Amino acid sequence: MSELIGMSDTNCFDNLRLNRDVFNRLCYLLRHTGGLVDGRYITMGEQVALFLSVLSHHSKVRVVKFRFKRSGQTIHTYFHNVLRAVLRLHEVLLAKPSPITDDSTHPSWKHFKGCLGALDGTLIDVTVPKTDKTRYRTRKGTVSVNVLVVCDRGLRFTYMLAGWEGSAADSRVLRDAIARDDGLRVPHGNFYLCDNGYPNGEGLLTPYKMVRYHLHEWGIGPSTPQNYKEYYNMHHSKARNNKIILACALIHNFIRNEIPEDSLAEGLLLDTQNQAHDVELIDSVQPSQKWTSWRDTLAHDINVFYNNVFLLYYGHYCMYVDRHPIIVFL
């Protein structure tokens, strides 16, 4: 333990993915809010360290027991003790979504007034009984669960639903999340950015299909957006691209709160959105022509805004008039 967290922040970060100060703050929170206590032969700090070691590097029990000089049974027992303590922190660590305001000036988000963040599904490999492997097998052949995760613009998780089979479609998982009494809440007038695995309907804003989307496809000169759909997709991608899905949502949120600039059970449902009872919520997921027309209007507005203003592309500022660059500042 002294070599792991006592020598330097570098050693601590390399092994546990957080520095010593954040590690101590996490231990304090787990003790006073999560109810974690010292064991008879193992301190609370060592319990948290072995837990983070497993999560940070996907370490096997035999590897961790050698590193910490503990038996496999001890590792198993205290790993689950810490896991339960972390899950008790969900009301503290899960972020509460807030919409983009009309006066927002953030370059990636200012066009998406009322947006709550981004949502997506991710596949996480699991071990299941042999009789269930067919249901959990994905089209790529892996045995996984399909996890719906929602993030705000600060890269913090606001909602998570795990447990669906890997073979389930993303839209099916989302419909289940919205239909649950304690599920995902999307007030009318607000929406999440998502990919084309979901319908473009009220509460969900998708990019245009068959149009360039990913950030690496954009550049300067001929690689700039050429029409309103490409302008829209570029800004949709900028706003959504950083929403990296992490299995350890609560630990991730804690680290984001403590270091903002820092570059598990089946059926687990975490939600602290606490929407007011008098807010009208979206209760279904389906394509909408009205919503598609609104997306077209938004895309045209973005196109007009950027037709004669400065754009930032990978560190280069360019002024475009009728899509032709006339000034470049390096």
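Reading guide: rules and limits
- Residues numbered from 1 in each chain as written.
- Predicted model: local features only at pLDDT ≥ 70, side-chain atom pairs only at ≥ 80, totals over all residues.
- Heavy atoms only, no water.
- Helix = DSSP H or I, 4+ residues; strand = E, 2+ residues; numbered from the N terminus.
- Buried < 20%, exposed > 50% of the residue type's maximum accessible area, 1.4 Å probe, protein only.
- Areas by Shrake-Rupley, 256 points an atom, 1.4 Å probe, with all protein chains shown as cover.
- Contact = heavy atoms within 4.5 Å.
- Axes fitted to C-alpha atoms, helices over the stretch in contact; angles between N-to-C directions.
- Parallel < 35°, antiparallel > 145°, perpendicular 65-115°, else oblique.
- Left-handed = near helix turned anticlockwise from the far one by under 90°.
- Phe/Tyr/Trp six-rings, centres within 6.5 Å; stacked < 30°, edge-to-face > 60°.
- Lys NZ or Arg CZ within 6 Å of the ring centre and 35° of its normal.

Topic: the overall build of the protein chain
On a plain count of helices and strands, the protein chain comes out with 12 helices and 9 strands. Counting across all 330 residues of the protein chain, residues that qualify as buried make up 45%. As displayed, the protein chain has an accessible area near 17,600 Å², and 52% of this comes from carbon and sulfur atoms.

Concerning the side chain of serine 144
With respect to the helices and strands, serine 144 occurs in strand S2 (residues 144-151). The buried category is assigned to serine 144, whose relative accessible area is 0%. With sequence-adjacent residues up to four places away left out, serine 144 is seen in contact with Leu123, Ile124, Asp125, Val126, Tyr136, Thr138, Glu165 and Gly166.

With respect to the packing of helix H4 (residues 44-57) against helix H5 (residues 61-68)
Angle between the axes and distance between the axes are the two parameters that describe a pair of packed helices. The contact between H4 and H5 brings their axes to 10 Å, and the two run at 140 degrees. Between H4 and H5, the crossing angle belongs to the class labelled oblique. The handedness of the crossing between H4 and H5 is right-handed. Contacts between H4 and H5 pair Glu46, Ala49, Leu50, Ser53 and Val54 from the former with Val64, Arg67 and Phe68 from the latter.

Describing the packing of helix H3 (residues 20-32) against helix H11 (residues 249-258)
Relative to each other, H3 and H11 sit at 125 degrees, their axes nearing to 11 Å. Of the possible angle classes, the one that applies to H3 and H11 is oblique. Between H3 and H11 lies a crossing of right-handed hand. Across the interface between the two elements, Val22, Arg25, Leu26 and Leu29 from H3 touch Ile251, Phe254 and Glu258 from H11.

Observations concerning the packing of aromatic side chains
Under the defined criterion, the tally for this structure stands at 4 aromatic pairs. Plain terms: the ring middles of phenylalanine 51 and phenylalanine 79 are 4.9 Å apart, the flat faces sit at 40 degrees to each other, and that makes the pair tilted. Of this pair, phenylalanine 51 sits in helix H4 while phenylalanine 79 sits in helix H6 (residues 72-87), and the two are 28 residues apart along the sequence. We note that phenylalanine 51, like phenylalanine 79, is buried. Ring centres of phenylalanine 191 and tryptophan 294 lie 5.4 Å apart, and the angle between their planes is 65 degrees; on these two criteria the pair is classed as edge-to-face. By way of ring pairs, the aromatic residues Phe191, Trp291 and Trp294 are connected into one cluster. One Lys or Arg, lysine 69, reaches over the ring of phenylalanine 66 and ends 4.8 Å from the middle of that ring.

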